[in-house]
Amino acid sequence: TNTMSNASPPPAPDKVVYYPISGDGNDETSGRLFVWGNATAANVILFCAGYPDDQGSFSAFAQELSKEADCLCGVACLIGYDDYSERPYTSYKQQGYTFDEMTLSLRAAAKALKEDCSTNPTAQFVTIFHDWGSCIGAWYTNRAFEEKDALVSPDKIVYFDVLPIRSHPKDVNVIMPSKKAMRHTILE
């Protein structure tokens, strides 16, 4: 359920990319990434909303960024909040997922966005984490940096409505803007 907005339904994505959810036991198409923009964009942005929001939380903003700026935007949500007819919420693990499983699933979404959608190897990779998505986002980015995984390590990290959990390498720009200032902050 999209709780960040009471407006009209979110815009349909240009593309839906599926990725595996760690620890799920289902097939490789358990998670969905909603994608807007073109594959050659100079900026690749991964959005992740917090509980209890789904992809609808950032859909309109992602679509707008893809049209107004040179951005390829992918919107994911945390495990269990992507409720759709082929995969209703009741099909997720009822006892919940570990932080590690959620971290690996977010990493799979990032990998899908960068490998399956972007054809620009020099694109700046930006991650945007909101609310509870910031906790899993911090785990994900810290793990990517620790493992020196260039494919999924962001060039810029944006947290909003939260504080960062742990510091990041000094060469990575970590930002905590207000929602109003976010558009300018992402692209500066």
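Report on the accompanying structure.

Thresholds applied
Residues numbered from 1 in each chain as written. Predicted model: local features only at pLDDT ≥ 70, side-chain atom pairs only at ≥ 80, totals over all residues. Heavy atoms only, no water. Helix = DSSP H or I, 4+ residues; strand = E, 2+ residues; numbered from the N terminus. Expected span 1.5 Å × (residues − 1). Buried < 20%, exposed > 50% of the residue type's maximum accessible area, 1.4 Å probe, protein only. Contact = heavy atoms within 4.5 Å. Pairing = 2+ DSSP bridges. Axes fitted to C-alpha atoms, helices over the stretch in contact; angles between N-to-C directions. Parallel < 35°, antiparallel > 145°, perpendicular 65-115°, else oblique. Nonpolar A, V, L, I, M, F, W, Y, C, P; charged D, E, K, R; others polar. Salt bridge = Lys/Arg side-chain N within 4 Å of Asp/Glu carboxyl O. Phe/Tyr/Trp six-rings, centres within 6.5 Å; stacked < 30°, edge-to-face > 60°.

This part is about helix H3 (residues 133–146). The end-to-end C-alpha distance of H3, which contains 14 residues, comes to 20 Å, matching closely the 20 Å that a straight helix rising 1.5 Å per residue would cover. H3 sits mainly inside the fold: 11 of its 14 residues count as buried. Of all the residues in H3, the buried ones are Gly133, Ser134, Cys135, Ile136, Gly137, Ala138, Tyr140, Thr141, Asn142, Ala144 and Phe145. Of the surrounding elements, those touching the buried residues of H3 are strand S3 (43–48), helix H2 (99–117), strand S5 (124–130) and strand S6 (156–160). In the stretch just after H3, Lys148 is the one whose phi turns positive, near 50°.

With respect to burial, S3 is a largely interior element, six of its six residues being buried. Side chains Asn43, Ile45 and Phe47 project from S3 onto one buried face, and the interleaved Val44, Leu46 and Cys48 project onto a second face that is buried too. Pairing between S3 and strand S4 (residues 71–76): six bridges, direction parallel. Paired with Phe47 across the bridge in S4 is Val75. Looking at chain direction, S3 and S5 are connected through six bridges and run parallel. Note on S5: the bridge partner recorded for Leu46 is Thr127.

With that settled, consider the packing of H2 against H3. Contact geometry for H2 and H3: axes closest at 9 Å, N-to-C directions at 70°. Taken together, the axis directions place H2 and H3 in an arrangement best described as roughly perpendicular. Between H2, through Phe99, Asp100, Met102, Thr103, Leu104, Leu106, Arg107 and Ala110, and H3, the contact on the second element is made entirely by Cys135, Ile136, Gly137, Trp139, Tyr140, Arg143 and Ala144. Looking at the contact of H2 with H3, its residues break down into 10 nonpolar, two polar and three charged.

Positive phi is not limited to glycine here, since Asp131 has a value of about 50°. Its relative accessible area of 24% is what places Asp131 among the partly exposed residues. A positive phi angle is found at Lys148, which is not glycine, with a value near 50°. Relative to the helices and strands, Lys148 is located in the loop between H3 and S6.

This part takes up the pattern of salt bridges. For the structure shown, the criterion picks out three salt bridges. For the salt bridge of Asp149 with Arg107, the shortest nitrogen-to-oxygen distance reads 2.7 Å. Within this pair, whereas Asp149 is found in the loop between H3 and S6, its partner Arg107 is found in helix H2, the two being separated by 42 residues in sequence. According to the relative accessible area criterion, Arg107 is buried, its value standing at 14%. Each of Arg107, Glu147 and Asp149 takes part in one network of salt bridges that share partners.

Once that is clear, we can look at the packing of aromatic side chains. A full pass over the atoms with the stated rule returns six aromatic pairs. Put simply, the rings of Phe47, Phe58 and Phe61 pair up and form one aromatic cluster.

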